[in-house]
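# An overview of the molecular structure
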Amino acid sequence: MVGKTLALFDFDGTMTVKDSLFDFIRFCCGRWKLYAGLVVMSPVLLAFIFKLIKNDVAKQKLLAYFFSGWTVERFNLAGERYAKERIATLLRPKAIERLNWHKAQGHRVIIVSASIDTWLKGFCQSQQIELLSTQMAANDGVIVGKFANANCHGQEKVNRIKAHLSLDDYELIYAYGDSSGDKQMLAIADKPFYKPFE
């Protein structure tokens, strides 16, 4: 439809000053449990750093270490608390200013993130914007430490966007990202912005 505009935002690093994954773990488990867990998980993290395992494999193993066995209710409540109490402290002012500008223009705004929806849903609901992100799998109401869908990173970001809407419906597409995981999303935009808020 002529005149419609779409704005796609990566979250971690683009809208925030640091990655929300480790911040969420610290929020839920405490600083010392985070540090101890990182020591235990250091072989996985090093394997990821040296590109011996993929991003999604490393992230699943990390989340499984800290959250396997949590009930979905407990995990969701932690995500709600994190969204209310913590996310605002991580946000880049220029990013929020830009997001609000898009909203004021009547543009469709979507956060497209590899982070887990559990701790981003509350933020997106408060902003009245949409969310496409990774989700955790559960069995009988208990987190099992695996993803329920593909990690929303790289090409998967574009796959999710195209499954969610038709790009042809938009006359103008903005995209904002800060890493190689956003490269494909930036490529589909008429106006791509790389690290625009730093």
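Here goes a summary of the coordinates provided. Computed from a predicted model, the values in this text were never measured in an experiment. (Residues numbered from 1 in each chain as written. Predicted model: local features only at pLDDT ≥ 70, side-chain atom pairs only at ≥ 80, totals over all residues. Heavy atoms only, no water.)

## Let's talk about the sheet that holds strand E7 (residues 191-194)
How we decide: A pair of strands counts as paired when DSSP detects no fewer than two bridges linking them. Note on conventions: DSSP H or I runs of at least 4 residues are helices, E runs of at least 2 residues are strands, and numbering of each starts at the N terminus. Each axis is a line fitted through C-alpha atoms, and for a helix only the stretch in contact is used; angles between axes span 0 to 180 degrees, taken between their N-to-C directions.
Read from one edge to the other, the open sheet built from five strands follows the order E3-E2-E1-E6-E7, with strand pairing classed as parallel. Either end of the sheet is taken by a strand with one partner, and the two such strands are strand E3 (130-134) and E7. Shown here is a sheet whose adjacent strand axes are inclined to one another by a mean of 15 degrees, direction ignored. Examined bridge by bridge, strand E1 (residues 5-9) and strand E6 (residues 172-177) share five bridges and lie parallel to one another. In the strand pairing of E6, Thr5 is matched with Leu172.

## Here we look at the side chain of Asp182
As a reminder of what qualifies: A simple rule labels every residue: compare its accessible area, found with a 1.4 Å probe on the protein chains alone, to the largest value its type can have, and call it buried under 20%, exposed over 50%, or partly exposed in between. Throughout this description, a polar contact denotes any pair of N or O atoms lying within 3.5 Å of each other; where both atoms belong to protein, one of them has to be capable of donating a hydrogen while the other can accept it, and for residues adjacent in sequence the pair is counted only when both atoms sit in side chains.
For Asp182, the location among the structural elements is in the loop between E6 and helix H10 (183-187). A relative accessible area of 1% means that Asp182 is categorised as buried. At 2.8 Å, the side chain of Asp182 and the backbone nitrogen of Asp178 are in polar contact.

## Quick look at the side chain of Asp23
The topology assignment puts Asp23 in helix H1 (residues 20-29). For Asp23, the side chain forms a polar contact with the side chain of Lys18, separated by 3.4 Å.

## Points about helix H7 (residues 93-104)
Cut-off, in case you're wondering: A helix is expected to reach a length of 1.5 Å times the quantity of its residues less one. Throughout, the arc means that of the directions going from the helix axis to the C-beta atoms.
With 12 residues, H7 extends 16 Å from end C-alpha to end C-alpha; this agrees with the ideal 16 Å at 1.5 Å per step. When H7 is considered as a whole, its buried residues turn out to be Ala95, Ile96, Leu99 and His102. In an axial view of H7, the angular spread of the buried residues amounts to 120 degrees, which keeps them on one side of the axis. Exposed and facing more than 90 degrees away from the buried side of H7 are Pro93, Lys94, Glu97 and Ala104.

## Some words on the packing of helix H2 (residues 31-40) against helix H4 (residues 55-67)
Note the following rule: Just so you know how the angles are binned, under 35 degrees is roughly parallel, over 145 roughly antiparallel, 65 to 115 roughly perpendicular, and the rest oblique. It is the rotation of the near helix from the far one that decides the hand of a crossing: anticlockwise by less than a right angle makes it left-handed, clockwise makes it right-handed. Throughout, a contact is declared for two residues whenever any of their heavy atoms are within 4.5 Å. In the scheme used here, Gly and all other residues not listed as nonpolar or charged are polar, with Ala, Val, Leu, Ile, Met, Phe, Trp, Tyr, Cys and Pro taken as nonpolar and Asp, Glu, Lys and Arg as charged.
At a minimum axis separation of 11 Å, H2 and H4 run at an interaxial angle of 130 degrees. Taken together, the axes of H2 and H4 are oblique relative to one another. Crossing hand, H2 versus H4: right-handed. Across from Lys33, Leu34, Gly37, Leu38 and Val40 in H2, the residues of H4 making contact are Leu62, Tyr65 and Phe66. Classifying every residue of the contact of H2 with H4 gives six nonpolar, one polar and one charged.

## Here we look at the pattern of salt bridges
Rule in force here: Salt bridge criterion: a side-chain nitrogen from Lys or Arg within 4 Å of a carboxyl oxygen from Asp or Glu.
Throughout the structure, instances matching the rule amount to seven salt bridges. Notably, a salt bridge pairs Asp10 with Lys157, separated by 2.9 Å at the nearest N-O pair. Taken together, the residues Asp10 in the loop between E1 and H1 and Lys157 in helix H9 (residues 155-164) connect sequence positions 147 residues apart. Take Asp10: its relative accessible area is 5%, and that puts it in the buried class. For Glu130, the salt bridge identified is with Arg108, shortest N-O distance 2.7 Å. Taken together, the positions of Glu130 in strand E3 and Arg108 in strand E2 (residues 108-116) put the pair 22 residues apart, joining distant regions of the chain.

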